[in-house]
Structure formats: structure tokens, C-alpha cells
Amino acid sequence: FGPRYQPRASRTTAQPVPSGTGAMVTFSRVALALAMAGARGAAAIEAQCPGSIDVAGHGPVQITAAKWNTPGIGAGDVLTVGGGVHPKMWGRAYFADTCTESSYEQTRYTAMKLLGKRLVYTTDVSHGGCGCNAAMYLVSMPQNPYASECEDFYCDANSVCGPNCAEIDIQEANRFAWHSTLHKSWDGSGVSAGYGGWVHNNNNYDFGPKDYGPGAGCINTDLPFQVSTAFPVGQDGRLTAMEVTLTQEGKDCSLHMPINSYEADPGFELLTKALEEGMTPVVSYWKSEQMLWLDGPGVGLGPCQQDGVQCGAAPSFYNFVMEDL
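Keep in mind it's a predicted model, so treat the numbers as computed, not measured.

A. Expanded view of the layout of surface pockets. Empty space within the largest pocket amounts to approximately 280 Å³. Contributing to the lining of the largest pocket are 14 residues, with Ser140, Cys165, Ala166, Ser185 and Glu277 lying nearest its centre. Grouping the amino acids of the lining of the largest pocket by side-chain chemistry returns 6 nonpolar, 5 polar and 3 charged.

Given below as C-alpha cells:
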């Protein structure tokens, strides 16, 4: 299992920022000044609360857009169109029960309880080339008491904004590569399945370019496709695996990625607890010339030799369904 470089999840040595009374955060002048000086420029997103989408089996959720992609660097805009959510480059958004412009509160974020459940949605990654990452994942934001350097209580397993927490990457993908990864807190690499770069199981990919990619026979990434993620439990109520399955309308095949063991979390004790308490779905879109951990050749069979970061229009995530197993 090779090294992983992830600017979205780069480590920071700064300490988390306490939430303060009522766990409410508003934008600080210091952070605004840092964003104006940031390399990517944008000091303000168009809307922190761009709209809502429906998750069948759960109900409507408010989409809450991040102000900062990383500390001091402005995030991209996020759109809600046609019942879906579409993060533009550098955009990141959280599923929430309520949303209020110019403030963030961790108690507003949706604590989706997916243990023993399945989450299904449709995605379109057709505009993301090598070096692009269209991500849909779960993090323990409702349990995070720290406002963070991004001022929105965001946390993940690599301390992007300061706080660290459990992270389940259902999708990190572009039109050439796909990863699904489990991370307990403080395990930035985690254990991955899929195709491209570095994965678990001695880097044996679950499928290849004939199965997944532009014009591929099973999942043609020039078109939208469906993602189904199950979190089955054993008789003791503990998580036994994460099972990710990709399908596409009109195709009689599927790509299946089970992760049924995790050395850093024996018996999935920690991730069982995180799923029981409820995790917040997050979508994002970002790019890097050092994304070969996701889409590179790995030991020689991966799709991208270099990351050209030719990232087009925003990816799409829509038709969300939460159901019992």
C-alpha cells in the first residue's frame, strides 16, 4: 500500500479552535484577509445555503457550502440544480438539517445513521480527468466540538482544517479512477479498494480500464452511473464490511468493492461507533498535480502516468436514497 498525497486532507499542526458559546461561528476578519491573499483568490462564495435536496428514506436536507477549502484559502461555489448537488472546483458542501447564511453550527449538520443501511445515489464524473477528484464521503462533524481553522466545524482523518475525526470515503473518483476508503480517526491513509494508484490487498485492483473509464464496457464514465454503499452488521450489531457497488443504466454488469477487514480498526469497533452516532455526508471537487495516489500507475497497471489536472464542469451527485438492508 503506497504513499498517499492529498491536499484536501493535508495535515496541519495548528490546534483546533474552540467553538465558543453556543458552538456558533461567524466569519472572522483575519480569515477573510487570509483568503484575499490566498493563491486561489475567491474570498466569498455566492451562497452558503444554495438550496435543499431530498434523500428518499430520510427526508430533505439543506446543503451548506464551506467558506474555506483549507485554512485561509477560499472554497468554490456549490450549486443545487435538478434535485442534485454540484460542487464547482474547490467547492465543498455538507448535508444539514438547517442552514443559516454567514454562520455555522455543528448541531445543524445531518447525523445520518447508516449502520445496517444502504446509501444509493447517481454521480457524473465525466469532466474530471487525471488529477481531478470528485468526492462523496462521510465524516463525524456533528460530534466535533471545535470550530476549526475553516470556521465551520469540518473534520476528517487528515486534519485538513485542524480537527481530526473518522472519515468514510464512499467515492473519490474521476473518469479514469475510483477509490473507496475507510479511515478511523488519525489514520490518513486508511484502507482502500478500487482502481488506480494505491489500494489495499497488495495493490490488486478490483477492476480495470475495460470495466471502468471512458467508453468502458461496464461503467462508461462518459455517462452518469449509480453508486450503492451498504454497511452490513453481524449478529452482535457490529459493522462487518463496507460494500460499494457501481452500476449503470442499460448495463447487465456491476463493479463490486467490499472492504471487510481493517487492520487499524479490528472488528470495526471504532467505525461501528461512528456510524451508530451518525455521520455527515460531504461532497467536494478538487485537483492536484500529485493525485497519483488515486489515479497513478501504482505498480504499473493504473490509468494515469501524470496528473494533467484537466478538470471541467462540476461533478453531479443526485437521486439519493437511504434504505434498509
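So much for the structure itself; the text now carries on.
B. Expanded view of the environment of Met89. Note that Met89 resides in the loop between β7 (84–87) and β8 (92–96). Placed 14 residues apart in sequence, Met89 and Ala75 show a C-alpha to C-alpha distance of 8.2 Å. With sequence-adjacent residues up to four places away left out, Met89 is seen in contact with Gly76, Tyr285, Trp286, Lys287 and Cys311.

C. Region of the structure containing the sheet that holds strand β12 (residues 167–173). On the basis of which strands lie adjacent, the open sheet formed by 8 strands has the order β2-β3-β8-β20-β11-β12-β13-β14 and antiparallel pairing. Both outer strands of the open sheet, β2 (51–55) and β14 (191–195), are each paired with one neighbouring strand and no more. Each strand of the sheet is rotated relative to its neighbour by a mean of 20 degrees, with strand direction disregarded.

D. Structural view of unusual backbone geometry. Positioned with a positive phi, Trp90 is a non-glycine residue whose angle comes to about 75 degrees. Along the chain, the position of Trp90 falls in the loop between β7 and β8. Phi angles above zero are rare outside glycine, and Glu151 is one such case at about 65 degrees. By secondary structure assignment, the location of Glu151 is in the loop between β11 (132–139) and β12.

E. Representation of the state of the cysteines. For the coordinates displayed, the defined rule picks out 6 disulfides. Disulfide partner of Cys49: Cys99, at an S-S distance of 2.0 Å. Between Cys49 and Cys99, the S-S dihedral sits near -85 degrees, and the bridge is therefore left-handed. Of the two residues, Cys49 sits in the loop between α1 (29–37) and β2 while Cys99 sits in the loop between β8 and β9 (104–105), which places them 50 residues apart along the sequence. Paired by a disulfide, Cys130 and Cys304 hold their sulfur atoms 2.0 Å apart. On the sign convention where negative is left-handed, the bridge of Cys130 and Cys304, at about -75 degrees about the S-S bond, is left-handed. With Cys130 in the loop between β10 (117–124) and β11 and Cys304 in the loop between α4 (292–295) and β21 (316–324), this residue pair connects regions lying 174 residues apart in the sequence. The pair Cys130 / Cys304 is uniform in exposure class, with both members buried.

Cut-offs used in this document
Residues numbered from 1 in each chain as written. Predicted model: local features only at pLDDT ≥ 70, side-chain atom pairs only at ≥ 80, totals over all residues. Heavy atoms only, no water. 1 Å grid on protein atoms, 1.4 Å probe; cavity = no way out; pocket = protein on both sides within 12 Å on 5 of 7 lines; lining within 4 Å. Points joined across faces, edges and corners; volume = space filled by probe spheres on them. Nonpolar A, V, L, I, M, F, W, Y, C, P; charged D, E, K, R; others polar. Helix = DSSP H or I, 4+ residues; strand = E, 2+ residues; numbered from the N terminus. Contact = heavy atoms within 4.5 Å. Pairing = 2+ DSSP bridges. Axes fitted to C-alpha atoms, helices over the stretch in contact; angles between N-to-C directions. Disulfide = S-S within 2.5 Å. Buried < 20%, exposed > 50% of the residue type's maximum accessible area, 1.4 Å probe, protein only.

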